[in-house]
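# Chains, contacts and geometry: an overview
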Amino acid sequence: NPEAGEDNNNEITDNQVDGVTEADRIKRTDTHIFYMYSDKIEVFSIQKENSKKVGEYTLDLDGYNTANRELYLSDDGKTITLIANCGTYGTGVRVEIISLDVSDPENITKIKSVSIMGSVISSRLTDNTLLVISEYDFNIEDVDFSNEKTFVPQIDNGNGMESLPGADIYLPESISSSRYTVVTKLDAENLELKDSKAFLSYTEDVYVTGESIYLFNVYSYIKPITDSSGKGTYAERNSMTKILGLSYSGEKMTEKG
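Rules used in this analysis
- Residues numbered from 1 in each chain as written.
- Predicted model: local features only at pLDDT ≥ 70, side-chain atom pairs only at ≥ 80, totals over all residues.
- Heavy atoms only, no water.
- Salt bridge = Lys/Arg side-chain N within 4 Å of Asp/Glu carboxyl O.
- Helix = DSSP H or I, 4+ residues; strand = E, 2+ residues; numbered from the N terminus.
- Buried < 20%, exposed > 50% of the residue type's maximum accessible area, 1.4 Å probe, protein only.
- Pairing = 2+ DSSP bridges.
- Core = buried A, V, L, I, M, F, W, Y, C linked by side-chain atoms within 4.5 Å.
- Contact = heavy atoms within 4.5 Å.

## A short note on the pattern of salt bridges
This structure, assessed with the given rule, holds 10 salt bridges. Across the pair arginine 179 and aspartate 137 runs a salt bridge, and its minimum N-O distance is 3.8 Å. Of this pair, arginine 179 sits in strand S14 (residues 179-187) while aspartate 137 sits in strand S10 (residues 129-137), and the two are 42 residues apart along the sequence. In this structure arginine 179 comes out as buried when scored by relative accessible area, which is 10%.

## Concerning the sheet that holds strand S18 (residues 233-247)
Read across the sheet, four strands follow the order S16-S17-S18-S19 without closing on themselves; strand pairing throughout is antiparallel. The sheet is open, and its two borders are formed by strand S16 (206-208) and strand S19 (254-255), each paired with just one other strand. Sheet topology places S18 next to S19; two bridges connect them, and they run antiparallel. The residue bridging leucine 246 from the neighbouring strand is glutamate 255, located in S19.

## Let's talk about the nonpolar core
Core analysis: the largest hydrophobic core is formed by 27 residues, its most contacted members being Ile83, Val95, Ile97, Leu130, Val132, Phe138 and Tyr180. Secondary structure elements with two or more residues in this core: strand S7 (94-101), strand S8 (109-117), strand S9 (119-126), S10, S14 and strand S15 (193-200). Residue contacts for valine 95: discarding those within four places in its chain leaves Ile83, Ala84, Asn85, Val114, Ser115, Ile116, Gly118, Ser119, Val120, Val132 and Ser134. Counting 18 residues, the second-largest nonpolar core is a separate cluster that includes Tyr57, Leu59, Cys86 and Val102.

## Considering the environment of isoleucine 225
In this structure, isoleucine 225 sits in strand S17 (residues 212-226). Residue class for isoleucine 225 comes out buried when judged on its relative accessible area of 18%. For the pair isoleucine 225 and glycine 210, spaced 15 residues apart in the sequence, the C-alpha separation amounts to 44 Å.

## Considering the sheet that holds S10
Here five strands make up an open sheet; going across it, the order is S9-S10-S14-S15-S13 and the pairing mixed. Edge strands, defined here as strands with exactly one partner in the open sheet, are S9 and strand S13 (169-170). Relative to S14, S10 runs antiparallel, the two being bridged by nine bridges. From the neighbouring strand, tyrosine 136 faces S14, where its bridge partner is tyrosine 180.

## Topic: the pairing of S10
Counting buried residues in S10 gives eight out of nine residues, a clear majority hidden from the surface. Across seven bridges, S9 lies against S10 in antiparallel orientation. Opposite leucine 125, over in S10, you have leucine 130 as the bridge partner. Counting the residues that bridge the hairpin from S9 to S10 gives two residues, and of these aspartate 127 lies at a positive phi of roughly 50°.

## Considerations on the pairing of S18
With 15 bridges connecting them, S17 and S18 associate as antiparallel partners. Its bridge partner lying in S18, tyrosine 221 is registered against asparagine 238. With antiparallel pairing between neighbouring strands as the criterion, S18 and S19 make up a hairpin whose turn holds six residues.

Dropping the structure here:
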């Protein structure tokens, strides 16, 4: 409820890092509120006591975890970028990244979408870069090594699902799970795919700064120990965490070590 003459679009969002925006279920301009509800985006006018719902857009997405859907709103208030889990475990769980034209809030239209096999962990928006961090699980018992689509992450940027190249898949020395953490970098304005990398056996934990992403590989280190008699040995197990830094400030993402 701003005072007369104040800039009524001066929002402060509780992001983890200054300058790095996180998705939310509700965004606003001076004149409208956009609310992500299940498989719909509802639009409300901001007119004090005359505020009302003025439109909605129904997403053409199939089932699976409709609660885990969030959005970004461009600085000019004309474009929404939606991050949504969808699909089913039978047909394939995927992340849909959808760009919508909301310049006319009562007539929202779709611009473009990108699909990533798996489910979203988190996302960030900084400058003109959209980062989507997702996980891709595969059942080792169902793997067909003659068909890479059964065990390699896939992305559809408009030409059908394509496998990530082997050079963009990181394999740690210690592997404790058959799941990847996938980091995808897109141009926030047009959803052009800039880069994508997959990290096998990494956890869901992620931390993002203004230029870097930090990922975590948790595993057990087993060391054989000889007992006091010098004849027998036993295994000493230690929990370990490997932290990997990934810079996204350049055209392509690069490992920092």
